[in-house]
Amino acid sequence: MEIDETNSIINYAEAPRHQNWTLRSALVRLAQPHPLRSEAVLQLVRRLDAALKPFVRDLQKFPIESTRSIPGGVANVADIRVVDLVDSPDAVELTEPERDALHLVGLARELDGLANTLTGWAAVGSSDPPVAEIDQTCARVLRSMNDLSVPEEPRWEGPQRRS
């Protein structure tokens, strides 16, 4: 079995959902009424993606069938086994990279849940975005990232001037 890279939890920000909206495309719609909230979510996505990147190949070595939201509903897809072990990591002996990435995958699941909400909202129109859920999820994920010492993305300071 090979990982379904399109619908894997590792691809939570780009996975197609409601009417093929992705988290990133829904953030573009959210940026119209709430640019700072959209930016906050996007910063968490980039920060998490950078932290997960070193683990991806090792995580993909152990595929399982997992239930995921996909366009048109919910289906079983081949995903990394850690996605289903976040809540019960002692259920199976994990490799060192899996143990190291376990909490990061848990954060990806949180952002994946927010992605389902945001894409559902974006697909029906741009009024009344789910700001309470966005704020709560961002606060939880940010607190967890800080607790895990996930490095922050360096701030862009614009082009450097030549002397």
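Whatever comes next refers back to the structure up there.
Asks: What is the right way to look at the overall build of the protein chain in this model?
Replies: Summing up its helical and strand segments, the protein chain has 5 helices and 2 strands in all. Its C-alpha atoms give the protein chain a radius of gyration of 17 Å, within 12% of the compact-globule value 15 Å for 163 residues. Taking the principal axes of its C-alpha atoms as reference, the protein chain extends roughly 50 × 45 × 30 Å. Among the 163 residues that make up the protein chain, the fraction classed as buried is 39%. Surface summary for the protein chain: the accessible area is close to 9500 Å², and the carbon and sulfur share equals 48%. Averaging the coordinates of the 18 positive side-chain charges in the protein chain and doing the same for the 25 negative ones gives two points 7 Å apart.

Asks: Explain the layout of surface pockets here, please?
Replies: The probe, sized like a water molecule, is rolled over the atoms to show the empty space still left. Approximately 260 Å³ is the volume attributed to the largest pocket. Considering the residues around the largest pocket, the lining is formed by A40, Q43, L44, R46, R47, C138, L142, E152, E153, P154, R155 and W156. For the lining of the largest pocket, the element with the most residues is helix α2 (residues 35–52), which contributes 5 residues. For the lining of the largest pocket, the class distribution of residues is 6 nonpolar, 1 polar and 5 charged.

Asks: What am I meant to see in the environment of Q32 here?
Replies: Along the chain, Q32 turns up in the loop between α1 (23–31) and α2. On a C-alpha basis, the gap between Q32 and S126 in space is 8.6 Å, while along the polypeptide they are 94 residues apart.

The rules behind the values
- Residues numbered from 1 in each chain as written.
- Predicted model: local features only at pLDDT ≥ 70, side-chain atom pairs only at ≥ 80, totals over all residues.
- Heavy atoms only, no water.
- Helix = DSSP H or I, 4+ residues; strand = E, 2+ residues; numbered from the N terminus.
- Rg over C-alpha atoms; globule rule 2.2 N^0.38 Å.
- Buried < 20%, exposed > 50% of the residue type's maximum accessible area, 1.4 Å probe, protein only.
- Areas by Shrake-Rupley, 256 points an atom, 1.4 Å probe, with all protein chains shown as cover.
- Lys, Arg positive; Asp, Glu negative; His and termini not counted.
- Charge placed at Lys NZ, Arg CZ, Asp CG, Glu CD.
- 1 Å grid on protein atoms, 1.4 Å probe; cavity = no way out; pocket = protein on both sides within 12 Å on 5 of 7 lines; lining within 4 Å.
- Points joined across faces, edges and corners; volume = space filled by probe spheres on them.
- Nonpolar A, V, L, I, M, F, W, Y, C, P; charged D, E, K, R; others polar.

Everything listed is a geometric property; what it means functionally is a separate question.
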